[in-house]
Amino acid sequence: MKALLTFVTFLGFFTPVTAKSNAGLKTWGRFNKLPYPADKAFLYDTFPKDFIWAVGTAAYQVEGAFEKDGKGLSIWDTFTRGGTRMITGDVGSDSYHNINADIRAIKQLGVSHYRFSLSWSRIFPNGTRGSYNEIGTNYYRTLIKKLKEIRVEPVVTLYHWDLPDHLQQTLGGWSNPELVGIFKDYADFCFQAFGDDVKYWITIDNPFVVARHGYGTGVVAPGIKTDPDLPFRVGHNLLKAHAAAWHLYDRHYRPQHHGKLSMALASHWIKPSRTRLESLRECQCSLDHVLGWFARPLFIDGDYPPCMKSRLGSRLPSFTPEESEQVKGTADFFALSHGAALSFHLINDSLKFGQQEDLDLRMLLYWVNTEYDNPPIFVVQSGWYVLGNTKTKDPKHMYYLKRFIAEALKSIVIDGVNVIGYTAWSLIDGFEWHREYGIRRGLYHVDFNTPDMKREPKTSATFYRNVIQSNGFPELPENRPVQGSFPCDFAWGVSANSIQVETTPTQFADPNVYLWNISNNGELLKLEGFSAPPLHRTPHCADYATIRQQVEEIRQIGVNHFHFSLNWSALVPTGDVAHPNTTLLGYYRCFSRQLLQANVTPVVTLWHHTRQRSSLPAPLDTANKWLNSKTPEAFADYARLCYRELGAYVKIWITLNEPNDEMVSYPEGHEMLRAHALAWHAYDREFRYAQGGKVSLALHMDWVEPAFSFSRKDVEPAKRVLDFCVGWFAEPIFGSGDYPVGMRSWLRQLNSLELPVFKKDDRQLVKGTYDFFAISHFSTKLVTHAKEDSYTYTAMLEVQHMIDTTWIMSPRPVVPWGLRKALNWVKEHYSDVPVYVMANGVQEDPARFKDSLRVYYLYNYINEALKAYTLDGVNLKGYFAYALNDQRDPGFGLYGQVHEEVIVKASLSNYRNIIEHNGFPIQGAEPQLCPSLAPPCRSCHVLSKSPVMGFLILVGSGVLITLGLIIYYTAKRHKECY
């Protein structure tokens, strides 16, 4: 969808309407009000049919041939030879001698337009018409002709920073107003020579950099930094030069050529450091000092932004009324540059005004749209960079490109901004101005060490070509939510790392006597010096207030399963199962039984791996932990204890939770596998027949996706990481009884002997020790074999870890489709094994009780689980949201807490709604008919709540002495409590 345009066209060019001053100020507030995180989700849609897809270069960066065929020196030829500089752009990418190679690259990309700049000193070696160079002009005629042959339209920049050096030496360059007329004459020649074939003209590229950094900081050519006010005079002349060229084209060439002309303006984006109006005004002023410096005179009123005028005063030149009229309205479209340019990296903080730079093309587009009355916006430069040693694999650049294009798409579809085109920068690697060859920005890699400057497409080129072919990111069937229901016996659950334990019952534990003031405020006042006689009664499970509270919280979610972990070191502190902590064991028993009473099935983990502590009994913890040969047998004994004492209530057991941690060594993992197997066999032989439960282990399984998959080689790093992270524990148990072949072969080629060898007995012991496959899944990461220094590189696996910059972050990426792929990986490797998602959740600020991110997360991840079940045939048996509350699992809870008050978050209600519908049923379809389930535990206590109150005596008027207000649960027993 597009917003109605508020501009009028005459002969195809834009006529601005008077704008309200600082209209763009509302941008920050508008984006703060957009629904989060839905607005941050990736948008699958396409661009308008006539959208311009372009790629660009600048003459000095790529042409080379700096003295060839009569070309004169430019200020960059001189600047790169000054001071201590040793590297020049004399050769660049040698495009002057490689037109055909560049044309092939442009054709391969499939762009509709190619933006390039003319080298002023190649056409007029000394800058004026009298020095005209026919050979240099013919180079551009040939380039344009060849572009036309492949049906690519040229977008021609007259000036991209490379002023003829003669004009700088004799006139002082752009500091001299005489250059206005000289530039107009140069433009006149170009319009006449190339105008028949050129419909888009850029007069001057990024005047902010030319003025501020060429004549102020001296970072770029001509490198002048003597007068702090000079940049403003230079900017003044640049604006007048542009206006002169625009009026020339408008009067003499537009009627025949029907082209459009503008000035390419670049900008950073900035966000307020505080949520105050003053901060927003400083942001607005920052943009005015970079973008508005040139945009306001062109698009609004022919004058500088009020913020600049008030802060700079007489340092800023003034326009006469005639000059204002001459400058105002001299842009047929808004040519916007964005990305890794000096206008984004402001070098110092002086123009940030205490605010924070940000990389947000979408907000910048909206600001331009609002501030300058909805002009058609052509993004004439956009992209990022990689380090100079990067070759053809540039996933970092690719994902930044994806991000910028996606933001442009949202700007059109959601924000109604009239974006007419996008230009990826740049076509090929070249000389990167003040950064020389230290970075690369090309979609094509240039081998500067080969005679012909060999060009090869990078990953980013393949990506950009695919986007152009699809005209954006069309929605595919797998991107759409699915409707349907899970099976009737689906396990809906919630997980917690641990539960709150109360070793002493709080009910009936208070021996004090109280005064009850029933006639006034009803308060209970403790009566000092008196106590009630001791109660001679057996403790009951209902006496534990913490159990009642936790079970009630779980019940309110609507789940039928609850997953929690036991504490091995607390249950068997001495390591001897003959002397367990009976109080704690009784508490766990009560907790499990009370869950069943609430129709919630307990799912119990025997040992939960954490990095902070081993959770092993002290004797094992101090004696080499898991590398102690006695630990697996000790674990099996501990498992027997738990099966024996809790097995009547627990029918789903997890032996080890997430043992496949990268901090666990291979020898430790080997012993963990043996411990799991021993515990599984103990249940299978000694308890399964009587208890009828199931046992397995739960593996951490975030999905690992190839950063790009344009060839078979690209997917190998992801397969390798999954082998080492998941297959490490999965393959010995669910597969061959040994470690993955890929894992062994990789370590063998590294001459590593760390991975233990399974003995025949151990292989038989471990293989097949499962009843289901349980995973904990939270996020997705990308991997590639291309090494870029700015990302995490795992040398042992030779993989680079990275993220897609379009993903929602919190702090880990939110990537719902990763769960579906993880579930399919299990199916592909281990066939029809029953699968449980034992933990799935997202971290969000605990103070956000309206936890919209978690609502989004649960909905979309569960929907992907449904796709895996209904579309892919994954034998999915259950899904557990993580976690119950913030108190035990900070930032992950469905319940929050303020002081002692428990808060129900928005995500809880949404999760309960999904559970009540057993998924996402098709609207209008017959409701799913599920048989009613039998009570989960007929032998458990049937508890009834009975208030009992005892009074001793009435003392005085309206004051009662009581032994306490007693509310307790009486048990109609079928068997003893414990």
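Residues numbered from 1 in each chain as written. Predicted model: local features only at pLDDT ≥ 70, side-chain atom pairs only at ≥ 80, totals over all residues. Heavy atoms only, no water.

*Asks:* Which parts of the structure should I look at to understand the sheet that holds strand β29 (residues 780–784)?
*Replies:* Strands belonging to one sheet form pairs held by backbone hydrogen bonds; the direction of such a pair is parallel or antiparallel. Read from one edge to the other, the open sheet built from 4 strands follows the order β27-β29-β31-β30, with strand pairing classed as mixed. At either margin of the open sheet sits one strand with a lone partner, and together these are β27 (703–706) and β30 (792–794). Strand-to-strand twist across the sheet, computed as the mean angle between neighbouring axes with direction ignored, equals 35°. (Pairing = 2+ DSSP bridges. Helix = DSSP H or I, 4+ residues; strand = E, 2+ residues; numbered from the N terminus. Axes fitted to C-alpha atoms, helices over the stretch in contact; angles between N-to-C directions.)

*Asks:* Explain the side chain of D332 here, please?
*Replies:* Inspection of the secondary structure puts D332 in the loop between α14 (321–327) and β10 (334–339). Among the polar contacts made by the side chain of D332, one reaches the side chain of R254 at a distance of 2.9 Å. Of the polar contacts made by the side chain of D332, one reaches the backbone nitrogen of L261; its length is 2.7 Å. (Polar contact = N/O pair within 3.5 Å; in protein donor to acceptor, adjacent residues only side chain to side chain.)

*Asks:* What should I look at first to understand the sheet that holds β10 in this one?
*Replies:* With parallel pairing, 8 strands are arranged side by side around a closed barrel as β4-β5-β6-β7-β8-β10-β12-β14. Neighbour-to-neighbour, the strand axes of the sheet open up by a mean angle of 25°, direction not taken into account. In terms of strand pairing, strand β8 (residues 260–266) meets β10 through 3 bridges, oriented parallel. Paired with L265 across the bridge in β10 is L336. The strands that helix α15 (residues 361–371) touches are β10, β12 (377–383) and β14 (419–425); relative to β10, the one it contacts most, it runs at about 155°. (Contact = heavy atoms within 4.5 Å.)

*Asks:* Even after reading the chapter, I still don't get the state of the cysteines, so can you show me in this structure?
*Replies:* Where two cysteines share a covalent bond between their sulfur atoms, that bond is called a disulfide. Here the structure, examined in full by the defined rule, presents 3 disulfides. Disulfide pairing is shown between C285 and C307; the S-S distance is 1.5 Å. Given an S-S torsion of about -40°, the disulfide between C285 and C307 has left-handed geometry. With a gap of 22 residues between them, C285 in helix α12 (residues 277–301) and C307 in helix α13 (residues 306–312) connect regions that are remote in the sequence. C642 carries a free sulfur, and the closest cysteine sulfur to it, the one in C590, is 15 Å from it. (Disulfide = S-S within 2.5 Å.)

*Asks:* Would you explain the domain arrangement of the protein in this entry?
*Replies:* When the parts of a complex come together, some accessible area is lost, and that lost area is often used as the size of the interface. In terms of domains, the protein is made up of domain 1 (45–472) and domain 2 (491–711 + 765–778 + 810–920). A separation of 58 Å is found between the C-alpha centroids of domain 1 and domain 2. Counting residues at the interface gives 8 residues for domain 1, matched by 4 residues for domain 2. Both sides together, the interface formed by domain 1 and domain 2 hides about 440 Å², and carbon and sulfur atoms give 76% of it. It is K393, Y399 and T459 that lose the most area in domain 1 upon contact with domain 2, and together they represent 51% of the buried surface on that side. Our count for the contact surface shared by domain 1 and domain 2 stands at 0 salt bridges. Run the count over domain 1 and domain 2 and you get 1 residue pair in polar contact (both at pLDDT 80 or more). Those elements giving two or more residues to the side of domain 1 that touches domain 2 turn out to be α16 (395–413) and α17 (459–470). The biggest single contributor to the side of domain 1 that touches domain 2 is α17, with 4 residues. Here the residues of the side of domain 1 that touches domain 2 are counted per class, giving 4 nonpolar, 3 polar and 1 charged. (Domains from an automatic or database assignment. Buried area = accessible area lost by both parts, 1.4 Å probe. Salt bridge = Lys/Arg side-chain N within 4 Å of Asp/Glu carboxyl O. Nonpolar A, V, L, I, M, F, W, Y, C, P; charged D, E, K, R; others polar.)

*Asks:* Would you mind showing me how to read empty space enclosed by the protein here?
*Replies:* The method is simple in principle: a probe with the dimensions of a water molecule rolls over the atoms, and the space it marks as empty is what remains. Enumeration over the complete set of coordinates arrives at 5 cavities of 30 Å³ or more. Empty space within the largest cavity amounts to approximately 80 Å³. If you trace the largest cavity, you find 14 residues lining it, with T57, V62, Y114, Y139 and L143 closest to the centre. When residues of the lining of the largest cavity are traced back to their parent elements, those giving at least two are α2 (59–62), α4 (99–109), β5 (113–117) and α6 (134–149). (1 Å grid on protein atoms, 1.4 Å probe; cavity = no way out; pocket = protein on both sides within 12 Å on 5 of 7 lines; lining within 4 Å. Points joined across faces, edges and corners; volume = space filled by probe spheres on them.)

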